[in-house]
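Remarks on the overall topology
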Amino acid sequence: MADPAWLDELNPQQRAAVTHGDGPLLIIAGAGTGKTKTLAARVAWLLERGVPAERVLLLTFTRRAAQEMLRRAAQYASHSTRHAPRVWGGTFHAVANRLLRQHGHAVGLTPDFTVLDQSDAEDLLNLVRQEMGLHSREKRFPKKGTLLEIYSKCVNSQQPLDKVVPRDFPWCAGFDEEMARLFAAYTDRKQQMNVLDYDDLLLFWFHLMRTAEAGARAAERFDHILVDEYQDTNKLQADVLRAMAAVKRNITVVGDDAQSIYGFRAATVRNILDFPKQFPGATVITLEQNYRSVQPILNAANAVIARARQRFTKNLWSERRSEQRPLLVSCVDEAQQCRFVCTRILEQLEAGVPLRRQAVLVRTGHWSDMLEVEMSRRNIPYRKFGGLKFLEAGHVKDLLALLRLLENPRDQISWLRVLNLLPGVGGATANGVLRFLAANNHDFRSLAHCSVPTAARERFRELAAMLVDLGGVNGPHHERASGWCESDSNAAAPHPGPLPADAGRGRKLVLPVQSSDLAQRVATVTDFPLPSLARGEGQGEGSCAEVSTNSFQPSLSAQIGRIRKFYEPVFHDIYDHAEVRIRDLEQLAAMAASFGTREEFLSDVTLDPPSGTSDWAGAPHKDEEWMTISTIHSAKGCEWDVVFLIHATDGVIPSDLTTGNAVEIEEERRLLYVAMTRARNWLYVCFPLRYYADKHVLGDRHSYAQLTRFIPSDVRALFEQVALTLPKPASGGRGGAKVETDGRAKIRGFWSPEGG
DNA sequence: ACTAATGTCCTTTTT
DNA sequence: GGACATTAGT
C-alpha cells in the first residue's frame, strides 16, 4: 500500500512513530514536539490501514483533547479517515462510565448508576463520618476533604492506608483504624445509593477486567489503544491499561516525564519510566525537535529541568532562532505586576499579537484575582480556566441535584441538598424524610403522605408534585435492595482497594439515622408500603416492561423547564443577586438542550465539567477576542505566542503547602517547566518582591518574597532581567513605573499607593 | 429539639 | 468567600 502523502509533513522520528506496526510503543514527546499531530496522524494512519474506527480507543486527559485530536485525524482526510469521529475517545473516567453502563453487570452494577463529583463524594463521606460519631473525638479527626484525598490516593495508587498516610498525610497519623472503618462504610453507602465516585469508575473498570468473560470481551473490543499524557496516569489506570492491552498488545502511549504534574492525584512518573519493563519488547521513540518556541526560551526551560532527577534525558531544540531571550521581571509589589502585565498585553496587541494568542499563567486560581480587577478596569476581555468552577455555584448545584433525583431517587446527597432548600427544614427533618422514602421504595408518589413541619408544607407539596410529574421511572427497577444486581460471576474479588468482598450480594437497606423525635415520627407515620406500591414489594420481581408504561420521559428541556417552575421561587427566597445567578440557570438549560437524555447530560457534566466561567454557551464566543488566564495545570497541552507567568516566587512555586518532601518539590519544578514551555515567542516570568499581608492579619504588614528557587543565578543568566521600580512621589502620586531596561514602556493609569 | 444566624479559621493543582 | 463550629432564636 502506498504511503499517504501527508506523511511527508512529518520529521523522521514522528514518521517512525506514526507508521509503527503492531506491538507496544512508547513515544517520549517533549513539549511542543508535535505530540498531538503525531498521535492524530497515527490514528489516521491506522484507519488508512483498514483498522475499523470503532476498534480504536483513544484515551486523553480531557475530552477536549480527544476532540481536537480526532478533528485533526479527520483532516488527513482521505475517504476512510472521515470515520475518525467513530473512534472511542475520551478520558479514562468517561470511557469507564461508558463501558460500565454496558458491561457493569459483571461486577454487580446496574446501568442506572449516577456519578458523584468531588464535592458530593466529600459530603457523603462527611455524612457517614457523622453517623459513625467520628466527628467528636478528643483529637481532631481529619476533615472531609482530606479524608477523600486519602481514600482517593489509596485507590488510585493501589496502596493500603498504612503506607499512604505516613508518607503523604503524616499529620493524620493515628486514625488508621477509624479511617478504615469509615471508608468501608462509605463504600457500603455508595452501593445503597447506587452511585459511583470518580475513583470507583476506574476501580470497577479494573475489576471488570478481572472477570473472566466480560474482561475478555472488553480486551477483545479494541485492536489499538492510544494513550495521551501517559506521564499523568496513576497505578490503577496503568493496571487497567495492561489488562485492556493484554491480548493484542497494540498499545501506544505518549508522554513526557518532564511534564508530570498530577502527583497529587496519584499520578506516578513511574508508569512512563517503567513502560519498557511493563511491556517487554516495546519500541521507544523520542521526539526532541520543538516546533513551538524560539531557542532562547528552550535554553531557559532546558536549564530549569536539567536539575531534575529520574528522567528520560532529552534536550529540546528548535530551528526558530531569535535574539529575544525570555524576560525575568521583578516588580516592587503585586499591584505593579498587574499594571506591567496589562500594559505589555496592550503593547503586544498593538504590535499585532491578538489577545487569543496571549495568556497569563498562575500556580493557583486566586493568584490572578488582582490582575482580573485590573484587566476589567482596562477593558481587556479574558476567560479564566481552572480554579473555581461554574458547577460549584450553589444554585447550579441545586438544579443539578433536582435533575439527579429524577435519575436516581436513592441519591441521598441530592435529597439532602434539595430538602434543605425548603423553609424550616434542616438536617433532622431531612433525615426523617429520607427514612420515610427508604421505607417506601423511594417512590415519589409516597411523598404526598409524608409529614413535614408546617413552614415547609406548601413548598414540599410543590416539590413532590414536580417529582411525580417528571419521575416516570420509578418502580421495581429501583427497588432492588442495593441497586447492584446479583453478580453473575464472583469475580469482584477483594483487592487492596476498598471494594467490599460482598459487592455482588444483595444488601439490606438500613439507614443509620440518629434517633430524633421528628425523624421517628415522620418515619412511623407511613412506615408501611402504600397500597399502590404493594406490587413492587417483592425484591425486584416486577418486570421492566411494567415500569416503562409508566415511565414516559419528557424531553430534557421540558424536564428542566418544569424543574425551574418549582425551583425559581425557592431560588429567589434564598439567594441574593438573583438577577445575576439566574443567567447561570439559563445557561445550564441551554447547554442541556444539546443532550439527548438526562443520563448523558448528568454524566457529561460530572465527568467533563466546563472549565471556564463562560465555557457553556460555546458558539456565541467564537468570534470574540479574549485572552486566557489559566492555572498551569489547565494550560497543559496549550501554546500561546506570548505567555506571562506571574507570581513566580518561592512559596508559590513551589507552593508553601507542599509537605516538603522531595517528590512534591520535584513536581513543582516540572510545573514551572510546563509553564515556560507554553510560550512561542515571548515569555515573561514575573515576580513581586513584596506582598501585603491579608487584611485579616495585623494591620498593613507586608512580607518580602524571592524568586523561585528553580531559577538560580546560573539559570537567571539565560533571561533578560528587568527590574521595575516605583517613581519618586514628586508629581502628586501620579506617574508611571520605570522600566529600567526598556524606555518604551508606557504604563498609564498608575496610582502609587506609597507615593500618594 | 430544630433551625437559622453569627463567628472564626483557612484558602492548590483536577477527573 | 466558604467551611466549620458555636450560639441565639423559634
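Described below are features of the structure shown in this document. (Residues numbered from 1 in each chain as written. Chains lettered and ligands numbered in written order. Predicted model: local features only at pLDDT ≥ 70, side-chain atom pairs only at ≥ 80, totals over all residues. Heavy atoms only, no water.)

This brings us to the overall build of chain A. If you tally the helices and strands in chain A, you get 27 helices and 19 strands. Put simply, of all contacts in chain A between residues at least 6 apart along the chain, 78% involve residues at least 24 apart. In the structure as shown, chain A presents an accessible area of about 31800 Å², 52% of it carried by carbon and sulfur atoms. (Helix = DSSP H or I, 4+ residues; strand = E, 2+ residues; numbered from the N terminus. Contact = heavy atoms within 4.5 Å. Areas by Shrake-Rupley, 256 points an atom, 1.4 Å probe, with all protein chains shown as cover.)

Take the sheet that holds strand S8 (residues 283-287) next. Taking strand neighbours across the sheet as the criterion, the 6 strands line up as S3-S2-S6-S7-S1-S8 in an open arrangement whose pairing is parallel. The sheet is open, and its two borders are formed by strand S3 (88-90) and S8, each paired with just one other strand. Strand-to-strand, the axes of this sheet are offset by a mean angle of 10°, without reference to chain direction. As defined by bridge partners, strand S6 (residues 224-227) adjoins strand S7 (residues 251-255) across 3 bridges and the pair is classed as parallel. Each residue of the ladder has a partner; that of Leu 226, found in S7, is Thr 252. Seen against the sheet, helix H11 (residues 235-244) touches strand S2 (56-59), S6 and S7 and runs at an angle of roughly 160° to S6. (Pairing = 2+ DSSP bridges. Axes fitted to C-alpha atoms, helices over the stretch in contact; angles between N-to-C directions.)

Turning our attention to the nonpolar core. One finds Trp 205, Tyr 567 and Phe 601 to be the most contacted residues of the largest nonpolar core, which totals 125 residues. The next biggest cluster of nonpolar side chains, apart from the first, holds 44 residues, and it includes Leu 328, Trp 640, Val 685 and Phe 719. (Core = buried A, V, L, I, M, F, W, Y, C linked by side-chain atoms within 4.5 Å. Buried < 20%, exposed > 50% of the residue type's maximum accessible area, 1.4 Å probe, protein only.)

Before going further, it helps to spend a moment on helix H8 (residues 176-193). With 18 residues, H8 should cover 26 Å at 1.5 Å per step; its first-to-last C-alpha distance of 25 Å lies within 8% of that length. Taken together, the buried positions of H8 are occupied by Glu 178, Met 179, Leu 182, Phe 183, Tyr 186, Thr 187, Arg 189, Lys 190, Gln 191, Gln 192 and Met 193. In this structure, the buried residues of H8 make contact with helix H5 (118-131), helix H6 (144-157), helix H7 (161-168), strand S5 (195-196), helix H9 (198-210) and helix H18 (412-419). One or two steps after H8, the chain reaches Asn 194, where phi turns positive at roughly 65°. (Expected span 1.5 Å × (residues − 1).)

It is worth spelling out the pattern of salt bridges at this point. Here the structure, examined in full by the defined rule, presents 49 salt bridges. Two residues, Glu 68 and Arg 72, come together in a salt bridge whose shortest N-O distance is 3.9 Å. You can see Glu 68 and its partner Arg 72 sitting in helix H3 (residues 63-75), 4 residues apart, about one turn around the helix. Classification of Glu 68 as partly exposed rests on a relative accessible area of 29%. (Salt bridge = Lys/Arg side-chain N within 4 Å of Asp/Glu carboxyl O.)

Taking burial as the measure, the 5 residues of strand S12 (residues 358-362) include 5 buried ones, the bulk of the element. By the alternation rule, side chains of S12 split into Gln 358, Val 360 and Val 362 and Ala 359 and Leu 361, which are all buried. Pairing of S12 with strand S15 (residues 640-645), which is carried by 4 bridges, proceeds in the parallel orientation. Each bridged residue has a counterpart across the sheet, and for Val 360 the counterpart in S15 is Phe 644. Sheet analysis places S12 next to strand S14 (residues 627-631), joined by 4 bridges and oriented parallel. Bridging from a neighbouring strand, Val 362 pairs with Thr 631 of S14.

Moving on: the state of the cysteines. Here the structure, examined in full by the defined rule, presents 0 disulfides. There is no disulfide at Cys 338, and the cysteine sulfur nearest it, in Cys 342, is 6.7 Å away. Taking the relative accessible area as the measure of exposure, Cys 338 reaches 4% and is therefore buried. (Disulfide = S-S within 2.5 Å.)

For the rest of this paragraph, the subject is the packing of aromatic side chains. Applying the stated criterion across every chain yields a total of 19 aromatic pairs. Taken together, a centroid distance of 5.5 Å and an interplanar angle of 35° make the contact between Tyr 262 and Phe 264 tilted. By relative accessible area, which is 9% here, Tyr 262 ends up buried. Its guanidinium or amino end placed over the ring of Trp 626, Arg 356 lies 5.0 Å from that ring's centre, counting from NZ or CZ. We note Arg 383 situated over the ring of Trp 626; from NZ or CZ to the ring centre the distance is 4.5 Å. (Phe/Tyr/Trp six-rings, centres within 6.5 Å; stacked < 30°, edge-to-face > 60°. Lys NZ or Arg CZ within 6 Å of the ring centre and 35° of its normal.)

Moving on to unusual backbone geometry. Of all residues except glycine, most have a negative phi; of all peptide bonds, most are trans. Omega for the peptide link from Ile 653 to Pro 654 comes to -5°, which places this bond in the cis form. Of note in the backbone geometry, Asn 379 takes a positive phi value of approximately 55° without being a glycine. By relative accessible area, which is 66% here, Asn 379 ends up exposed. At Asn 441, a position not held by glycine, the phi torsion is positive, near 55°. Within the secondary structure, Asn 441 is located in the loop between helix H19 (427-439) and helix H20 (454-470).

Turning our eyes to something else, we now look at the protein's contact with DNA strand B. By nearness alone, 28 residues border DNA strand B, and Gln 118, Arg 265, Arg 363, Gly 426 and Thr 429 come closest of all. Considering the 4 Å shell around the protein, atoms of DNA strand B inside it are sugar or phosphate in 60% of instances. In terms of residues, the surface near DNA strand B owes the most to one element, H19, which gives 3 residues. Residue classes in the surface near DNA strand B are distributed as 8 nonpolar, 16 polar and 4 charged. (Near = heavy atom within 4 Å. Nonpolar A, V, L, I, M, F, W, Y, C, P; charged D, E, K, R; others polar.)

With their axes 10 Å apart at the nearest point, helix H17 (residues 394-407) and helix H25 (residues 598-607) run at an angle of 130° to one another. Classified by the interaxial angle, the pair formed by H17 and H25 is oblique. The handedness of the crossing between H17 and H25 comes out as left-handed. On H25, the residues touching Leu 400, Leu 403, Arg 404, Leu 406 and Glu 407 of H17 are Arg 598, Glu 599, Phe 601, Leu 602, Val 605 and Thr 606. Here the residues of the contact of H17 with H25 sort into 6 nonpolar, 1 polar and 4 charged. (Parallel < 35°, antiparallel > 145°, perpendicular 65-115°, else oblique. Left-handed = near helix turned anticlockwise from the far one by under 90°.)

Now for H20. Helix length check: H20, at 17 residues, gives a terminal C-alpha distance of 25 Å against a target of 24 Å (1.5 Å per residue), a fit within 8%. Along its length, H20 reaches its greatest deviation from straightness, about 30°, at Phe 460. Regarding H20, the residues found buried are Ala 456, Arg 459, Phe 460, Leu 463, Ala 464, Met 466, Leu 467 and Leu 470. In this structure, the buried side of H20 is in contact with H17, H18, H19, helix H23 (556-574) and H25. (Bend = angle between axes of the 7 residues up to and from the residue.)

Residue alternation in S6 divides its side chains into two sets, His 224 and Leu 226 and Ile 225 and Val 227, and both sets are buried. Pairing of S2 with S6 involves 4 bridges; the strand directions are parallel. When the sheet's bridge partners are listed, Leu 57 is paired in S6 with Ile 225. Following the chain from S6 across H11 to the adjacent parallel S7, one finds a crossover that is right-handed. (Right-handed = clockwise from strand over helix to strand, strands pointing away.)

With respect to the helices and strands, the residue Lys 636 is situated in the loop between S14 and S15. Under the relative-accessibility criterion, Lys 636 is labelled buried at 11%. Once you skip the residues sitting within four places of it in the chain, Lys 636 turns out to touch Phe 61, Glu 229, Gln 231, Asp 232, Ile 261, Tyr 262 and Arg 678.

Another point: the environment of Leu 226. Within the fold, Leu 226 resides in strand S6. Put simply, Leu 226 and Leu 124 are 102 residues apart on the chain and 35 Å apart in space, counted from C-alpha to C-alpha. Other than its neighbours up to four places away in sequence, Leu 226 contacts Leu 39, Arg 42, Val 43, Leu 46, Val 56, Leu 57, Leu 58, Leu 59 and Thr 252.

In this section: the packing of H18 against H19. In contact at an axis separation of 10 Å, H18 and H19 are set at 135° when each is read in the N-to-C sense. Taken together, the axis directions place H18 and H19 in an arrangement best described as oblique. Considering the relative orientation of H18 and H19, their crossing is right-handed. Contact residues: H18 offers Gln 412, Trp 415, Leu 416 and Leu 419, while H19 offers Ala 430, Val 433, Leu 434 and Leu 437. The residue inventory of the contact of H18 with H19, partitioned by class, reads 7 nonpolar, 1 polar and no charged.

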